[in-house]
Every structure is written in structure tokens, then in C-alpha cells.
Amino acid sequence: MQTLAKDEADQAGFNGFTSVHKNNNAAELVEAAVKRGEGRLTSTGALSVRTGAHTGRSAADKFIVCDATTEGVIWWDNNKPISPQAFDLLRDDMLSYARDHKLYAQDLHAGADPAHRIRARVFCQYAWHALFIQHLLIRPEQAALAAFAPDLTIVDLPGFKADPARHGVRSETVIACDFERGLVLIGGTSYAGEIKKSVFSYLNYVLPAKGVMPMHCSVNDGEGGAAVFFGLSGTGKTTLSADPARILVGDDEHGWSADGLFNFEGGCYAKTIRLTPEAEPQIYAAVNQWSAVLENVVLDPLTRAPDFNDASLTENTRGAYPLSFIESASLTRRAGHPRNIVMLTADAFGVLPPIAKLSAEQAMYHFLSGYTAKVAGTEKGVSEPQATFSTCFGAPFMPRHPSVYGSLLRELIGLHGVDCWLVNTGWTGGKYGVGSRMSLPATRTLLSTALSGGFAGAPMRLDPVFGFEVPVQCPGVDAHILDPRETWADQAAYDAQAAVLAKMFAENFQKFKTFVDAGVQAADPLFRRAAE
């Protein structure tokens, strides 16, 4: 194993460290993880790990340094401040803790476009965390490693426990970001997704100032040009973008610059709960390859075969793997300007149509809204559908005000003449518990038609509540489902539920009204009703 050079260690604060190993390959990291008891090999050769108490992100434990530079830039309504002094004390204590542990450092790129990529150095306490981030980011060519100088350094120590009284944080778990110095500290959690999302948060901070739109989205390319898929967890972003008939550019994080689209990452981080080879063949094959990382997936005690139906540890079971594990993946991780933008929502109220065409103003409205719905069983205490609004389809990762990202998106949509679509992958025929989930084959057919230009000039109806256009027919899809009101046995109940959802949208959008023009405000369903 190659050790970190002294100047590299000193730069990150690891002065005098002798047990930092850098840029190990996947085989070395798998071997180290198994040897150290961090995980087990499955029957398919994937590495199975458990993350303990944290099976998802700890959003309430994330902090950003508030100083003279960031005070007027960060969206503090959405982000928690930490003082520079508290951050420095936390850093010193974490480095002191790290002296007694072997660390694994990975030098990686975030961003497939050389003009906008950043260099990230990630120090990990666990070998499997180093393997995870190696999969998720982009490995530089060997020649680039010789003179690698990081723009962003991440120190990831799951075993370190913060002291709220001493460090000015909320709990023993902490994700502390100093964006101006390019340093992120992660402690008290074994959930590897915190590393990946820390990189994304940093990119969301630095790129808008360069006129580059950072996006929590999937991208694929094919007939009709490139397509962007926005959507929160559970809406089908990863599933629908992994289409064998199209080239997968990436499944989660991208930038949109003057030169087109580019993936921030070099891998995928897919949900695996109830994963089947029939419904999602490419993802199923990828997570069952050697060196893929399976988080919190229960194994058969005798065969070590993954049981993707077992949610006893968490509903948020995950698989991490390089993009190259997807047969139809892009080798360059880049595409031209998109021809289509798709905003995915899982509407558990059964109100929204399976597909609708949005104007540029409506697209900005729905982008800033970031709507989906939670259903019973996904979270403790959720017994009825609950509306969830996560602005820009990724509020936890947005350091700047949403209007910054919304304005950038609207400008790019107008500049490149992009068609925008709202796609409901949730319920039809009634709300959750009454209706049924949208058919995945039907959603795929509707998307394929939209992306290939099949709805151009097609007859549309105007939705009376939300004002967007809805196709009245699509080859291969039962026309009955295109009008959600017609799928309800009790249409008066549909009208009542639609009115409730419209009110939820309007109440959520109140905080954005002063940041948008009249055209975007007019996309609000209650604004429309008042104007009629």
C-alpha cells in the first residue's frame, strides 16, 4: 500500500502521520475491509456492509461555517451555522483522534468536464468507505495523481464522537463544512452517503458563481437528445434513467454549463429495496458484481445471497458501483444540451396525471416546489400520505438560496428551447391505500414518447387545477389513465383531494413569491383560480 507523502499529509493537517494509505485499488480495499471485519463478501462477490444506527443522512447534524464571506451568501433558513472557532476546534480534535487509526486516502475528481471539475482528497477511517467513494467519484489518470493538489478535502471518521458542548453542534454526529477553505469534517456516522453528498454540497456552492447549474438529477441520452430527470428518493430517478435503449450519463448529480451536461460522479448509488432482475435488470446486474458495495442488505445466513426484499434493517438499502457496471453507460459521462427535462413526483394522493407538459414558468414553479409524497410505512409515524416539498429536488444539498438555482435553470431552458415534463410515478385511481401505483411499463412508454418528440403537435387538454397541458392519448398506453379524475370511482372525492393538494402547493410556495416574476407566480394553482 502506498503511503501519503509528508507534504500531502501536512497540507491536510495530518502532520507526522505514518498510517495513511492512499489510492488503493478496489481489490486492496475489498481485502482490507474483509480482513478488518468491516464487511463480508456476498455470493455474487459484492461487499456487504452495515452502517449501524445511521441508515441514512443526518441532515439535522450538518453545519456550514459562517464567516464574513459566507454570511450573506448561504441560505441560512436551510443551513445551520457553525463558527470558525468551533470548526477549528472540531478539526483539531478529529485529527488528534485520527492519529490512533489507520486511514485510507483517495484522490479523485468530481466533474467529468475538465473545465469545471474539482479535485477531492478523501481521508476515510474505513476501507469500505474509501471503496465507496472510489466507486462514486471519478478516478484520475495515473499521471494526474503525481501532482494532485486538492480543491476539497474530506475527513471521514465514523468512530469519532463530537461533543455538543465543546464543538457547538447538535449531537455526537457531525457533518461540518468550511466551503471557503475547502474542508469537510464527518464524524459519528457510518453512512457513506454523507461523503458523496458533501462533495455535491460543495459543488452547489462553487459552481453557480461560474454560471454552471448544479443539479440533483439523472441524465441519459438517445433518440431525441439528452434528457434530465429531477426527482426525490422513491420517484424512480435511477430506475427510469437506466434505460437499455438509451445511454446512461449518470444517475444522481450533474452540471449544466455552456458546453452541455456533465456528470459530477463516476458511479451510481441505487436504492435496492425490492430490486428484481425483471423490473430493473441493469441495476440488479450492477449491484451483484464483484466489488459493488451493498449497504444494509440482508444476506441469506447460509448462501450469503442478497435478499433485496428484506427491509428489516432499513427501507433505504443501497448499492454503490462504478458507472462502468451499467452496460449502456456513457464512457465520457458527458452529453450535449438537453432537449427534455423531466420532473418526477410520486403523488400518493392520486391527483396528478402520469405526464404533463410544462411551460418554462411552470417548470421553474415545480422545480422550486420539488414535490413528492411519503406513504405509510416508509418512515416512523407516517400512516397517511404526506406531501413533501424539497426545493430544487434537493434542498438538503443547497447552500445558496433556491432562487439562484431556479433562475439559472429557467435561463438555460429558455436559451436552449428545452421541453419540460412533469411525470407522476405515484398513484392513480385514488390515493395510497385506495388506488394503485402507476404502471412502470406505462411510465416508460409515456417517457419514451415524450423524449423522442412523439407528443409534438399531439392533442392536449388543459388541467383545470394546475394549468399544465396533458396528452389525451399515447400509443401503447390506456388513454383512461391520462385523466386522473376519470380513474377515480368517486370523482367528487378526486375534486376535493385535488383542491387539498393545490392548497399545499400554494402554501409551500409563499416563501418563494418575492423571488419570482408574475409568470412564475401565475403557475400557482390558487393564483390561477383567483384570476379566473
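A quick note: this is a predicted structure, and the numbers were derived from the prediction, not measured.

Asks: Help me understand the overall build of the protein, please; the structure alone is not making it clear to me.
Replies: A count of helices and strands for the protein gives 16 helices and 30 strands. Computed over C-alpha atoms, the radius of gyration of the protein comes to 23 Å, within 12% of the 24 Å expected from 2.2 N^0.38 for 532 residues, which places it in the range of a compact globule. For the protein, the spread of C-alpha atoms along the principal axes amounts to about 70 × 55 × 45 Å. Looking at the 532 residues of the protein, the share that counts as buried comes to 59%. Total accessible area computed for the protein in this model is approximately 20,200 Å², and 51% of it derives from carbon and sulfur atoms. Taken together, the 47 basic and 57 acidic charged side chains of the protein have centroids lying 3 Å from each other.

Asks: Is there a simple way to think about the sheet that holds strand β5 (residues 80–82) in this case?
Replies: Pairing between sheet strands relies on hydrogen bonds along the backbone, with the strands arranged either parallel or antiparallel. Overall, mixed pairing links the eight strands, which are arranged β1-β6-β7-β8-β10-β9-β4-β5 in an open sheet. The open sheet has two edge strands, β1 (20–22) and β5, and neither has a second partner. Going from strand to strand, the sheet's axes swing by 25° on average, the running direction of each strand aside. With seven bridges joining them, strand β6 (residues 103–110) and strand β7 (residues 118–124) adopt antiparallel strand pairing. Bridging across to β7, A105 finds its partner in F123.

Asks: Just checking my understanding: could you explain a nonpolar patch on the surface for this structure?
Replies: A contiguous nonpolar patch, built from V34, L41 and W290 and spanning about 250 Å² of accessible area, is present on the exposed surface. If you trace the backbone, V34 turns up in helix α2 (residues 26–35). Given a relative accessible area of 36%, V34 falls into the partly exposed group.

Asks: Is there a simple way to think about the side chain of D347 in this case?
Replies: For D347, the location among the structural elements is in the loop between β22 (340–345) and β23 (355–358). No salt bridge is formed by the buried D347. Its closest oppositely charged neighbour is R437, at 10 Å. Looking at D347, its side chain comes within polar contact range of the main-chain nitrogen of V351, at 2.7 Å. Of note is the side chain of D347, whose polar atom sits 2.8 Å from the backbone nitrogen of L352. Here D347 is in contact with L352, Y371, N424, G426, W427 and L501, once residues within four sequence places are set aside.

Asks: What is the right way to read unusual backbone geometry from this model?
Replies: Peptide bonds are, in most cases, trans, and in most cases residues other than glycine have a negative phi. Of note in this structure, N296 is not a glycine but carries a positive phi near 60°. Of note, N296 is situated in the loop between β17 (293–295) and β18 (298–299). According to the relative accessible area criterion, N296 is buried, its value standing at 3%. Despite not being glycine, R333 has its phi angle at roughly 60°, a positive value. Relative to the helices and strands, R333 resides in the loop between β20 (318–322) and β21 (334–335).

Asks: Would you take a moment to explain the sheet that holds β20 for this structure?
Replies: An order of β2-β3-β17-β20-β16 is seen for the five strands of this open sheet, with the pairing classed as mixed. The sheet terminates laterally at β2 (40–41) and β16 (267–271), the two strands that pair on one side only. Sheet analysis places strand β3 (residues 47–49) next to β17, joined by three bridges and oriented parallel. Each residue of the ladder has a partner; that of S48, found in β17, is L294.

Asks: Where do I start with the pairing of β16 in this structure?
Replies: Along any regular strand the residues' side chains alternate between the sheet's two faces. Judged by how many residues are buried, β16 sits mostly within the fold: four of five residues are covered. Where β16 and β20 come together, five bridges link them in antiparallel fashion. Looking at the pairing, K271 lines up with R318 of β20.

Asks: What exactly am I supposed to notice about the confidence of the model for the protein here?
Replies: Detailed reading of the predicted coordinates is not advisable wherever pLDDT is low. Counting all residues, the mean pLDDT for the protein is 93, and 94% of those residues have values of 70 or more. Scored below 50 in pLDDT, residues 1–10 shows 24 contacts in the model against residues more than four places distant or in partner chains.

Asks: Any chance you could explain helix α4 (residues 127–136) here in plain terms?
Replies: Taken across its ten residues, α4 has ten buried, putting it largely inside the fold. Burial in α4 covers these residues: A127, W128, H129, A130, L131, F132, I133, Q134, H135 and L136.

Asks: Just to check I follow, could you spell out the pairing of strand β8 (residues 152–157) for this structure?
Replies: In terms of burial, β8 is largely enclosed, as six of its six residues are buried. Residues L152, I154 and D156 of β8 are buried on one face, and the alternating residues T153, V155 and L157, pointing to the opposite face, are buried as well. Bridging between β7 and β8 involves five bridges; their strand directions are parallel. Bridge pairing in β8 places C124 opposite D156. Sheet topology places β8 next to strand β10 (residues 183–187); five bridges connect them, and they run parallel. Paired with T153 across the strands is L183, a residue of β10.

Asks: Hey, could you run me through the environment of P140 in this one?
Replies: When you line up the elements, P140 lands in the loop between α4 and α5 (142–145). Setting aside its immediate chain neighbours within four residues, P140 contacts D107, L108, H109, L145 and F148.

Asks: What should I look at first to understand the pattern of salt bridges in this one?
Replies: When their charged atoms lie close together, side chains carrying opposite charge are able to pair. Under the defined criterion, the tally for this structure stands at 24 salt bridges. Of the charged contacts in the structure, one is a salt bridge between D252 and K237, with a shortest N-O distance of 2.7 Å. Residue D252 is found in the loop between β13 (247–250) and β14 (253–257), and its partner K237 is found in helix α8 (residues 237–241); the two are separated by 15 residues along the sequence. K237 carries the same exposure label as D252, and that label is buried. Across the pair D483 and R461 runs a salt bridge whose closest N-O atoms are separated by 3.5 Å.

Cut-off values and rules
Residues numbered from 1 in each chain as written. Predicted model: local features only at pLDDT ≥ 70, side-chain atom pairs only at ≥ 80, totals over all residues. Heavy atoms only, no water. Helix = DSSP H or I, 4+ residues; strand = E, 2+ residues; numbered from the N terminus. Rg over C-alpha atoms; globule rule 2.2 N^0.38 Å. Buried < 20%, exposed > 50% of the residue type's maximum accessible area, 1.4 Å probe, protein only. Areas by Shrake-Rupley, 256 points an atom, 1.4 Å probe, with all protein chains shown as cover. Lys, Arg positive; Asp, Glu negative; His and termini not counted. Charge placed at Lys NZ, Arg CZ, Asp CG, Glu CD. Pairing = 2+ DSSP bridges. Axes fitted to C-alpha atoms, helices over the stretch in contact; angles between N-to-C directions. Patch = residues over 30% accessible without salt bridge, like charges linked within 9 Å, V, L, I, M, F, W, Y side chains within 5 Å. Salt bridge = Lys/Arg side-chain N within 4 Å of Asp/Glu carboxyl O. Polar contact = N/O pair within 3.5 Å; in protein donor to acceptor, adjacent residues only side chain to side chain. Contact = heavy atoms within 4.5 Å. pLDDT = per-residue confidence, 0-100.

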